[in-house]
Amino acid sequence: MQRFTSQVALDNNKANKTPPLVPPPDGVIKVNFDATFKTKTCQGASGVVLCNAQGQVVAAKCKQHGSIPDALTAEAYAYRDAMLMIKDLGLSKVVVEMDCQELVAPCNSRTSSMCVIIQVLNQIQDLSQQCTHFVLAHVRREANMAAHYTTKFALLSSFECMWLHDIPNFLS
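Residues numbered from 1 in each chain as written. Predicted model: local features only at pLDDT ≥ 70, side-chain atom pairs only at ≥ 80, totals over all residues. Heavy atoms only, no water.

### Section: the confidence of the model for the chain
Confidence in the prediction of the chain, expressed as mean pLDDT, is 84, and 81% of residues score 70 or more. Contacts of residues 1-16 to residues separated by more than four positions or lying in other chains number 18 contacts, the stretch itself having pLDDT below 50. (pLDDT = per-residue confidence, 0-100. Contact = heavy atoms within 4.5 Å.)

Shown next as structure tokens:
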């Protein structure tokens, strides 16, 4: 963990702590996700961070994805990972935030002509219908840094990680 925190500090040119998340309304969980993509290796990674109404990170997840054709597909996979985490934790009231503007429009319109990711978007739509309160929003990169750092951690690890009670230092 220490090596990762140092790398985050270098990338951010600021403190090695994640900027505070803006909390969601009472009774709602905020879910931020992000993805990264390496063109040379066609490797992607996703990071998901859940925040409660008190602004505390309550869960996080990171995962590598192999054989990804492009960055937009990596973002779609990260979105699906977020939705699967929402389902697995039994959450029904969520606000989902992402910093990929190219993915917001097709997801909010519920239609897409992007054949590469249409199957993933259909899975996401099915998963979102299980929520009683579901909002999808675009946020600036600065508001999505916790998910961004979690994604970077995924690239450094060779396995999927999920934290429910013991949140890693780079998210505190």
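Now that the structure has been shown, we can carry on.
### Concerning the nonpolar core
Of all hydrophobic cores here, the largest spans 30 residues; its most connected members are V31, F33, Y79, V96, M98 and L103. Broken down by secondary-structure element, the contributors of at least two residues to this core are β1 (29-38), β2 (43-51), α2 (71-88), β4 (93-98), α3 (101-109) and α4 (118-128). When residues of this core are assigned to their parent elements, the largest contribution, eight residues, is made by α2. Here V31 is in contact with V48, V49, L50, A82, I86, V94, V95, V96 and E97, once residues within four sequence places are set aside. In terms of nonpolar packing, the next biggest core, distinct from the first, is built from 15 residues, V57, C62, C161 and W163 among them. (Core = buried A, V, L, I, M, F, W, Y, C linked by side-chain atoms within 4.5 Å. Buried < 20%, exposed > 50% of the residue type's maximum accessible area, 1.4 Å probe, protein only. Helix = DSSP H or I, 4+ residues; strand = E, 2+ residues; numbered from the N terminus.)

### Quick look at unusual backbone geometry
Despite not being glycine, C42 has its phi angle at roughly 55°, a positive value. Relative to the elements of secondary structure, C42 occurs in the loop between β1 and β2. Positive phi values are uncommon outside glycine, yet S67 reaches one of about 55°. The topology assignment puts S67 in the loop between β3 (57-65) and α2.

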